[in-house]
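Each chain, written out:
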Amino acid sequence: MMEQEKRLIIELLQLYRDFPCLWDHTHLLYNNREAREQAYNVVLEKYKAIREDATLENLKKKLENMRATYKREYKKVQAARNNGEREHRPTLWYYKYFTFLDNSEDQIESETNASVDNDHIDEIEEYHSDFEGEDEPKPKKSRNIITRKL
């Protein structure tokens with residue numbers, strides 16, 4: 001994989017992380033189709049920098065596959081920890097960019113200084129302002145995130 005493509009995928013994952021309505025089952029807008037569609041369209045524009053002919057279906061499949069691979073690796077890390085075995089070190093290059101899925105408090109540090117550009121920050125702020133005033137979600141019991149076909 002070329003460094004440019006890797007950097008773009010990191011930016012894509014950071015952008016995906018910034019829209020919890022796409023991955024957090026407890027988020028207020030998770031079940032709001034319009035909000036999710038708007039968020040996916042922002043992420044899709046970033047994905048088109050990697051794959052020009054990308055469609056929403058391609059994007060969802062890519063994210064689904066990456067999440068499933070991450071979760072498999074995460075389970076290996078947890079199993080080693082729970083069984084008192086030597087620490088399992090993930091070999092998946094994008095592992096740390098998906099830690100937000102397991103409610104990790106650690107900040108994701110970019111090895112390439114990649115960040116969401118100002119245009120995307122404006123889109124994120126505009127997206128969130130579209131839904132201001134909605135009731136806050138009621139706290140739910142913590143549960144594992146299950147990768148599902150979107």
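Report on the accompanying structure. (Residues numbered from 1 in each chain as written. Predicted model: local features only at pLDDT ≥ 70, side-chain atom pairs only at ≥ 80, totals over all residues. Heavy atoms only, no water.)

### What to know about the overall build of the protein
Here is step 1: Scanning the protein from N- to C-terminus turns up four helices and zero strands.
Here is step 2: Sequence-ordered secondary structure for the protein, helices as α and strands as β, is α-α-α-α.
Here is step 3: Sorting the 150 residues of the protein into buried and exposed places 37% on the buried side.
Here is step 4: Entry remark: accessible area of the protein is about 10,000 Å², with carbon and sulfur atoms responsible for 42%. (Helix = DSSP H or I, 4+ residues; strand = E, 2+ residues; numbered from the N terminus. Buried < 20%, exposed > 50% of the residue type's maximum accessible area, 1.4 Å probe, protein only. Areas by Shrake-Rupley, 256 points an atom, 1.4 Å probe, with all protein chains shown as cover.)

### What to know about the nonpolar core
Here is step 1: Residues Leu 13, Leu 22, Leu 59 and Phe 98 are the most contacted members of the largest nonpolar core, which totals 32 residues.
Here is step 2: Going through the elements one at a time, α1 (3–17), α2 (33–47) and α3 (56–82) are the ones with two or more residues in this core.
Here is step 3: A per-element tally of this core places α2 first, with seven residues.
Here is step 4: In contact with Leu 13, other than residues within four places in its own chain, are Leu 63, Met 66, Tyr 94, Tyr 97, Phe 98 and Phe 100. (Core = buried A, V, L, I, M, F, W, Y, C linked by side-chain atoms within 4.5 Å. Contact = heavy atoms within 4.5 Å.)

### Considerations on α1
Here is step 1: Between its first and last C-alpha, α1 extends 21 Å over 15 residues, near the 21 Å set by a 1.5 Å rise per residue.
Here is step 2: Every buried residue of α1 is accounted for by Lys 6, Leu 8, Ile 9, Ile 10, Glu 11, Leu 12, Leu 13, Gln 14, Leu 15 and Tyr 16. (Expected span 1.5 Å × (residues − 1).)

### Brief notes about the packing of α2 against α3
Here is step 1: The contact between α2 and α3 brings their axes to 10 Å, and the two run at 85 degrees. One element, α2, and the other, α3, form an angle in the roughly perpendicular class. Every residue of α3 that contacts α2 at Tyr 40, Val 43, Leu 44 and Tyr 47 is listed here: Leu 56, Asn 58, Leu 59, Lys 60, Lys 62 and Leu 63.
Here is step 2: Tallied by class, the residues present in the contact of α2 with α3 amount to seven nonpolar, one polar and two charged. (Axes fitted to C-alpha atoms, helices over the stretch in contact; angles between N-to-C directions. Parallel < 35°, antiparallel > 145°, perpendicular 65-115°, else oblique. Nonpolar A, V, L, I, M, F, W, Y, C, P; charged D, E, K, R; others polar.)

### Considering the environment of Ile 10
Here is step 1: Relative to the helices and strands, Ile 10 is located in helix α1.
Here is step 2: Placed 84 residues apart in sequence, Ile 10 and Tyr 94 show a C-alpha to C-alpha distance of 7.5 Å.

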